[in-house]
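Fold and geometry: a report
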Amino acid sequence: MRERTIAREIKYAGKIITVRVDQVELPDGKTASREVVEHPGAAAVLAVNKAKEAFFVHQFRKAVEKELLEIPAGKLEAGEEPHVCAARELAEEVGMAANDLRLLAAFYTSPGFAAEKLYVYLATGLHPVSSSTEDDEFLEPVRLPLSEAVRMARSGEIEDAKTLIALLLAADLGLAT
């Protein structure tokens, strides 16, 4: 069932992604083209305090032309471990650090065309730290009861996949009750 790469051409190399077109040999011997978005991966974190409130950010997302409610997340830097990225993003975006960071899931965001793997963590034992976003990043931190956020995920009010996955996994663990 594997596809053997015959040729590869980089079409675009940017700050966040690279786009390539691979010519592949299919299992039946025919050839096809595959468009692939390379991404270094990312980490996201669902931070829950003792009061069972979760921390989010409102952020405008150009790709969908609207503001979304999301858990803190960011791109892995070269050689960076996912848990380090998650802790960094938690501090930068909502000004929190965690005594405990636990991996909830690791998954490919859209393997039909993208190579991005995303790691989602649960952060507990929170305490405030100074925050600072990147120069081109405009975020509004939001704190919601975890049960309300899970309700919003189930009702379709939250549309971001990593946030949906994190909230539904937290609900399965019984954290939202």
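Scroll up to find the structure.
Everything numeric in this text was worked out from a predicted model, so none of it was measured.

1. Digging into the sheet that holds strand 1 (residues 4–13)
Spatially, 1-2-3 is the arrangement adopted by the 3 strands of the open sheet, whose pairing is antiparallel. If you trace the sheet from one side to the other, it starts and ends with strand 1 and strand 3 (31–38), each paired once. Taken pair by pair, the neighbouring strands of this sheet meet at an average axis angle of 20°, ignoring direction.

2. As for helix 3 (residues 161–172)
For helix 3, which comprises 12 residues, the first-to-last C-alpha distance of 16 Å matches the rise-based estimate of 16 Å (1.5 Å per residue) to within 8%. The set of residues buried in helix 3 consists of Lys162, Thr163, Ala166, Leu167, Ala170 and Ala171. Within helix 3, the buried residues cover an arc of 165° as seen down the axis, which keeps them to one side. Once helix 3 ends, the next one or two residues include Gly174, with phi positive near 80°.

3. Here's the deal with the packing of helix 2 (residues 146–155) against helix 3
Relative placement of two packed helices is described by the angle separating their axes and the distance separating the axes. The geometry of helix 2 relative to helix 3 is characterised by a closest axis approach of 9 Å and an angle of 120° between their N-to-C directions. Relative to helix 3, helix 2 is oriented oblique. Classified by chirality, the crossing of helix 3 by helix 2 is left-handed. Contact residues: helix 2 offers Leu146, Ala149, Val150, Ala153 and Arg154, while helix 3 offers Leu164, Leu167, Leu168 and Ala171. In terms of residue class, the contact of helix 2 with helix 3 is made up of 8 nonpolar, no polar and 1 charged.

The rules behind each value
Residues numbered from 1 in each chain as written. Predicted model: local features only at pLDDT ≥ 70, side-chain atom pairs only at ≥ 80, totals over all residues. Heavy atoms only, no water. Pairing = 2+ DSSP bridges. Helix = DSSP H or I, 4+ residues; strand = E, 2+ residues; numbered from the N terminus. Axes fitted to C-alpha atoms, helices over the stretch in contact; angles between N-to-C directions. Expected span 1.5 Å × (residues − 1). Buried < 20%, exposed > 50% of the residue type's maximum accessible area, 1.4 Å probe, protein only. Arc of directions from axis to C-beta. Parallel < 35°, antiparallel > 145°, perpendicular 65-115°, else oblique. Left-handed = near helix turned anticlockwise from the far one by under 90°. Contact = heavy atoms within 4.5 Å. Nonpolar A, V, L, I, M, F, W, Y, C, P; charged D, E, K, R; others polar.

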